Amino acid sequence: MAKTYDYLFKLLLIGDSGVGKTSILFRFSEDAFNISFISTIGIDFKIRTIDLDGKKVKLQIWDTAGQERFRTITTAYYRGSMGIMLVYDVTNEKSFENIKNWIRNIEENASADVEKMILGNKCDLEAKRQVSKERGEQLAVEYQIKFIETSAKDSLNVESAFYTLARDIKAKMEKKQKVMNPSLRYQFFKCRLFVRFLVKVEE
Ligand code: G3D
Ligand code: MG
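For every chain, the first residue of its written sequence is number 1, and the numbers climb from 1 along that sequence. Working convention: letters from A go to chains and numbers from 1 go to ligands, in the order in which they are written. Only residues with pLDDT of at least 70 get local features here, since the model is predicted, and only at 80 or more are side-chain atom pairs given and counted; chain-wide, interface and lining totals rely on the full set of residues. The side-chain quantities take in all heavy atoms of the structure and omit both hydrogens and water.

*Asks:* I keep staring at the overall build of the protein and nothing clicks. Help me out?
*Replies:* Within the protein, the regular secondary structure consists of seven helices and six strands. When the helices and strands of the protein are placed in sequence order, the string is β-α-β-β-α-β-α-α-β-α-β-α-α. Only protein chains enter the accessibility calculation, which uses a 1.4 Å probe; a residue is then buried when its area is under 20% of its type maximum, exposed when over 50%, and partly exposed in between. Relative to its 203 residues, the protein shows a buried fraction of 39%. Taking the contacts inside the protein whose residues are at least 6 apart along the sequence as the reference set, 74% of them involve residues at least 24 apart. Surface exposure of the protein reaches about 11900 Å², of which carbon and sulfur atoms provide 55%. Each helix is a run of DSSP H or I of at least 4 residues and each strand a run of E of at least 2, with the numbering of both proceeding from the N terminus. Residue contacts follow a heavy-atom distance rule, with two residues in contact if any of their heavy atoms lie within 4.5 Å. Note on areas: these come from Shrake-Rupley sampling with a 1.4 Å probe, and a residue is covered only by the protein chains present in the view.

Structure representation (structure tokens):
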């Protein structure tokens, strides 16, 4: 069967329980927010294929089954992941403080060059806010990770977050391919030699 995509990226959603990871995933993959939907039962992933600068990028997005509650997310979950959304809840101070622990967990288990992004979710709940946008931004600067506030409920910035993460992974990958493709470099070298040879002959 013909391949229907140019790239396949495995992405993960990480963060404390209740911050809205599953809601974000549902919002992005089906564009539906159901207040009373059933909580996740097993490790699950959803797929959405997006178009990035003319390329079809298939996103396989993994969600936890609540293991985050017991901090038992294992290396197996992280394996092969290329991008991670670190999610906290702007109405929950603790979930924000825990982002540092999640980053440590990622450093211990995921590949070193995994792309990351911090999401401050539930920004529709302004009256209940405990974490200012500025603090989110500061944390992101400290870790040199991109940051955006989202609302899975109001469908705010969810699309843009996934597109940004996917675009960063694609750019990193293409840069690596350029640097590391020795056969391409060899072809280029041969071409240059040939051009030099032609110039000499002309003289
Ligand atoms: P989790 O997967 O990180 O554990 P969930 O979190 O997606 O299960 O969401 C936990 C609760 O937060 C759910 O409420 C969900 O509806 C709510 N929620 C998620 N995202 C948002 C958001 O952006 N805004 C608001 N206002 N609520 C959100 P319940 O009541 O079902 O537990
Ligand atoms: Mg969940």
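Back to the write-up after that little detour.
*Asks:* Help me understand helix H4 (residues 99-109), please; the structure alone is not making it clear to me.
*Replies:* An α-helical turn contains 3.6 residues, so any two residues separated by three or four positions project in the same direction. Every buried residue of H4 is accounted for by Ile99, Trp102, Ile103, Asn105, Ile106 and Asn109. Taken around the axis of H4, the buried residues stretch over an arc of 160°, which confines them to a single face. Residues of H4 that are exposed and point over 90 degrees away from its buried face: Glu107 and Glu108. For H4, the secondary structure elements touched by its buried residues are strand E1 (7-14), helix H2 (75-78), strand E4 (83-89), helix H3 (93-97), strand E5 (115-121) and helix H5 (133-143). Throughout, the arc means that of the directions going from the helix axis to the C-beta atoms.

*Asks:* Please explain the environment of Leu11 as it appears in this structure.
*Replies:* When you line up the elements, Leu11 lands in strand E1. Residue classification places Leu11 among the buried residues on the basis of a relative accessible area of 0%. Not counting the four nearest positions on each side in its chain, Leu11 is found in contact with Leu59, Gln60, Ile61, Trp62, Gly83, Phe162, Leu165 and Ile169.

*Asks:* Would you mind showing me how to read a nonpolar patch on the surface here?
*Replies:* Candidates for patches are residues over 30% relative accessible area with no salt bridge; among them, like charges are joined within 9 Å and nonpolar side chains (Val, Leu, Ile, Met, Phe, Trp, Tyr) within 5 Å. For this document, the term salt bridge refers to a Lys or Arg side-chain nitrogen within 4 Å of an Asp or Glu carboxyl oxygen. Where nonpolar side chains cluster on the molecular surface, the patch consists of Phe194, Phe197, Leu198 and Val201 and spans about 420 Å² of accessible area. Relative to the assigned elements, Leu198 resides in helix H7 (residues 182-202).

*Asks:* What is the right way to look at the packing of aromatic side chains in this model?
*Replies:* Two descriptors summarise a pair of aromatic rings, namely the distance from one centre to the other and the angle between the planes of the rings. Note on aromatic pairs: the rings of Phe, Tyr and Trp (six-membered ring only in Trp) are paired at centre separations within 6.5 Å, and the planes decide the class, stacked below 30 degrees, edge-to-face beyond 60, tilted for the rest. This model, assessed by the stated rule, comprises seven aromatic pairs. Plain terms: the ring middles of Tyr7 and Phe9 are 5.8 Å apart, the flat faces sit at 35° to each other, and that makes the pair tilted. Comparing Tyr7 with Phe9 shows no difference in burial state: the two are buried. Through successive ring pairs, a cluster of aromatic residues spans Trp62, Tyr77 and Tyr78. A cation sits over an aromatic face here: Lys46 above Phe26, 4.7 Å from the ring centre. Just above the ring of Phe28 sits the side chain of Arg48; from NZ or CZ to the centre is 4.3 Å. Criterion for a charge above a ring: Lys NZ or Arg CZ within 6 Å of the ring centre, and within 35 degrees of the ring normal.

*Asks:* Looking at this structure, how should I read the site of ligand 1?
*Replies:* One heavy atom suffices: a residue is near a molecule or strand as soon as one of its heavy atoms comes within 4 Å of it. Not every one of the 18 residues close to ligand 1 is listed here, only the nearest: Gly18, Lys21, Ser23, Asp124 and Ala152. Contact between ligand 1 and Ser23: an oxygen atom at 2.6 Å from a side-chain N or O atom of the residue. Any pair of nitrogen or oxygen atoms within 3.5 Å is treated as a polar contact; in protein, a donor-acceptor pairing is required on top of that, and neighbouring residues in sequence qualify only through side-chain atoms on both sides. Within the side chain of Lys122, one N or O atom sits 3.0 Å away from an oxygen atom of ligand 1. If ligand 1 stood free it would expose 660 Å²; the protein chains cover 72% of that surface. A breakdown of the residues in the shell around ligand 1 according to their chemical character gives five nonpolar, seven polar and six charged. In this classification, Asp, Glu, Lys and Arg are treated as charged, Ala, Val, Leu, Ile, Met, Phe, Trp, Tyr, Cys and Pro as nonpolar, and every other residue, Gly included, as polar.

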